[in-house]
Amino acid sequence: MTVRDDPPRLLGQRLRKRAGHRWIVDDVDVMMRPGELVGLIGPNGAGKSTLLAMLAGLLTPDSGRVELDGEALGSLPPEERARRLAWLEQQATVHWPISVERVVALGRTPWLQPWQRAGAEDRERVEAALVATGCTALRQRTVSTLSGGERTRVLLARALAGSPDTLLADEPIAALDLAHQLQTMELLRGCVDRGLCCGIVLHDLAFASRYCDRVYLLHEGCLHSHGPPDAVLDEQAFADVYGVQVSRGSRPVPWLAPLRRLPDRR
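Quick caveat, the model's predicted, so the values are computed rather than measured.

(A) The arrangement of the sheet that holds strand β2 (residues 22-32) in detail. Spatially, β2-β1-β4-β5 is the arrangement adopted by the 4 strands of the open sheet, whose pairing is antiparallel. Looking at strand neighbours, the two that pair on one side only are β2 and β5 (71-72), the edges of this open sheet.

So, in structure tokens, the structure goes:
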């Protein structure tokens, strides 16, 4: 992982979102570049998923602006946005009893005209996505029969089949077992190393430390700090934001272990 200085692919400026009388995201700037894996981290209720949804264009900010490659995200035609930016929601569902292969093939929809049949390139992209996510053995299964973790992998395959420039994923490893958590993070790391821009919400800070180029640490809707994981995830940040004491190390890979909760100082 290297520090990049390319122009941002996805840019959020002074984003704010209110829920009732409370700002759940309050004046947050965020930037994601090609070839970067960016983590949005923080405690429950910090505003991570809301921020990610605004960056995806699924929620309209109460104020602020989102740009994709220098263009206002809201000004892009829906089909162009769907080609360039893929979204993987948390605990996503599929409402039709269709096969896994057909679900993944839906990722090619933005590239097809109405009633156009999929071509050789589309089938190749679908097959590559099935292989990359370890879903080939599931291809004939009806998606409604899958476990939560299997469904997450299938929907990630659908997103990758669309060959997006940018992928935003809300807790993509939350429902997965340990082996598939590692597989998914390695897959995302490989994609960004080939130029994908990827932003993900993560609760596992050890994975954030190991795989992310940069992280944005949110606390009570505000941006506490951002930068490389080693710079952001220090002992003071854990105390201030999470209220815990941790032990950490860097060999053989970055790791974190919570030791104890700290007294509530509020």
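(B) Summary view of the state of the cysteines. For the structure shown, the criterion picks out 0 disulfides. Looking at the unpaired C191, the closest cysteine sulfur is the one in C198, lying at 7.8 Å. Under the relative-accessibility criterion, C191 is labelled buried at 13%. You can see C197 has no disulfide; the closest cysteine sulfur is in C198, sitting 7.5 Å from it. Classification of C197 as buried rests on a relative accessible area of 0%.

(C) Region of the structure containing the side chain of E36. Locating E36 in the fold gives a position in the loop between β2 and β3 (37-41). A residue is classified by how much of its surface remains accessible, and E36, at 2% relative accessible area, is buried. For E36, the side chain forms a polar contact with the main-chain nitrogen of R33, separated by 3.0 Å.

(D) Spotlight on helix α9 (residues 235-242). When α9 is considered as a whole, its buried residues turn out to be A237, F238, A239 and V241. In this structure, the buried side of α9 is in contact with α7 (205-211), β9 (214-219), β10 (222-227), α8 (229-232), β11 (244-249) and β12 (255-261). Within two residues after α9, G243 carries a phi angle of roughly 70°, on the positive side.

Thresholds applied
Residues numbered from 1 in each chain as written. Predicted model: local features only at pLDDT ≥ 70, side-chain atom pairs only at ≥ 80, totals over all residues. Heavy atoms only, no water. Pairing = 2+ DSSP bridges. Helix = DSSP H or I, 4+ residues; strand = E, 2+ residues; numbered from the N terminus. Disulfide = S-S within 2.5 Å. Buried < 20%, exposed > 50% of the residue type's maximum accessible area, 1.4 Å probe, protein only. Polar contact = N/O pair within 3.5 Å; in protein donor to acceptor, adjacent residues only side chain to side chain. Contact = heavy atoms within 4.5 Å.

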